[in-house]
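What the coordinates show
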Amino acid sequence: MNLTRDRVHSIGWFSVLLVCGALTIGLTLRVNAVKSQVHDTEKRIVWVQQDINFLETEFQTRSNQQALKELNDVEFGYKAPTAAQYIEGERQLAALGMPVGPGAPAPIRYANAEKTGEGAGADNGGLLAMVSPVNGSAAAEPEPKGAGGKNRDPEREQIARDAAALGSRLARIEVAEAAQQ
């Protein structure tokens, strides 16, 4: 085996390249490990910042609650409800109501469309009587038509006739356009 100078140089350069490649691979692995540690550290920093923000918010909320409690104690005097303040049912709720005082108006009554008997409401054109919410009495009946002719109002008479015929007009369906086509 004859080692010549050129051959030794080739083997030397090859070994140098091999050592440099191994060092490059080792350095690359070390850099990647450090990058991974940096990434993990950045994640921890972000988590700690979020935790700090959460704790700051919690601290501000609790301090605001304390300030609100102090303001309530000084200004308003509200207190949390106790167990004795809750009611068990409708009867206890009704017992809390106050009786109607003297001279108080009656509660407002609502009209309904139920007829109590046969022909009920026929004398006033099927309309319900107006009831005063203050005293509960019905509105004054208008004077009969033809009472001397002094209170005759043709417009009022027309409205009364229209109101009397309203039920029959609403019960009938007229299709005028369909007949022309």
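Quick caveat: nothing in here was measured; it's all calculated off a predicted structure.

Examining the overall build of the chain
Looking only at helices and strands, the chain has five helices and zero strands in total. Helices and strands appear in the chain in the N-to-C order α-α-α-α-α. In the chain, buried positions account for 1% of the 181 residues. Surface accessibility of the chain: about 17,400 Å² in total, with carbon and sulfur atoms responsible for 60%.

Some thoughts on the pattern of salt bridges
Taken as a whole and assessed by the stated rule, the structure comprises two salt bridges. Across the pair R62 and E58 runs a salt bridge, and its minimum N-O distance is 2.7 Å. Within this pair, R62 and its partner E58 are both found in helix α1 (residues 5–76), separated by four residues, close to a single helical turn.

Concerning the environment of N72
Relative to the helices and strands, N72 resides in helix α1. With residues near it in sequence (within four places) discarded, N72 still touches G77 and Y78. Among the polar contacts made by the side chain of N72, one reaches the main-chain carbonyl oxygen of Y78 at a distance of 2.9 Å.

Procedures and definitions
- Residue indices begin from 1 for each chain and proceed along its sequence in written order.
- Restriction of local features to residues with pLDDT of at least 70 applies here, the model being predicted, together with a cutoff of 80 or more for giving and counting side-chain atom pairs; totals for whole chains, interfaces and linings are based on all residues.
- As a rule here, side-chain values come from all non-hydrogen atoms in the structure, and water together with hydrogens is ignored.
- Working definition: helices are DSSP H or I runs of at least four residues, strands are E runs of at least two. Numbering for both runs from the N terminus.
- Here the term buried applies to any residue with accessible area under 20% of the maximum for its type, exposed to any over 50%, and partly exposed to those in between, with areas from a 1.4 Å probe on protein chains only.
- We get accessible surface area from the Shrake-Rupley algorithm with a probe of 1.4 Å; when it comes to residues, only the shown protein chains can shield them.
- Salt bridges are counted wherever a side-chain nitrogen of Lys or Arg sits within 4 Å of a carboxyl oxygen of Asp or Glu.
- Note on contacts: a residue pair is in contact if any heavy atoms of the two residues lie within 4.5 Å.
- In protein, a polar contact means a hydrogen-donor-capable atom and an acceptor-capable atom, both N or O and within 3.5 Å, with residues adjacent in sequence counting only if both atoms are side-chain atoms; elsewhere, any N or O pair within 3.5 Å suffices.

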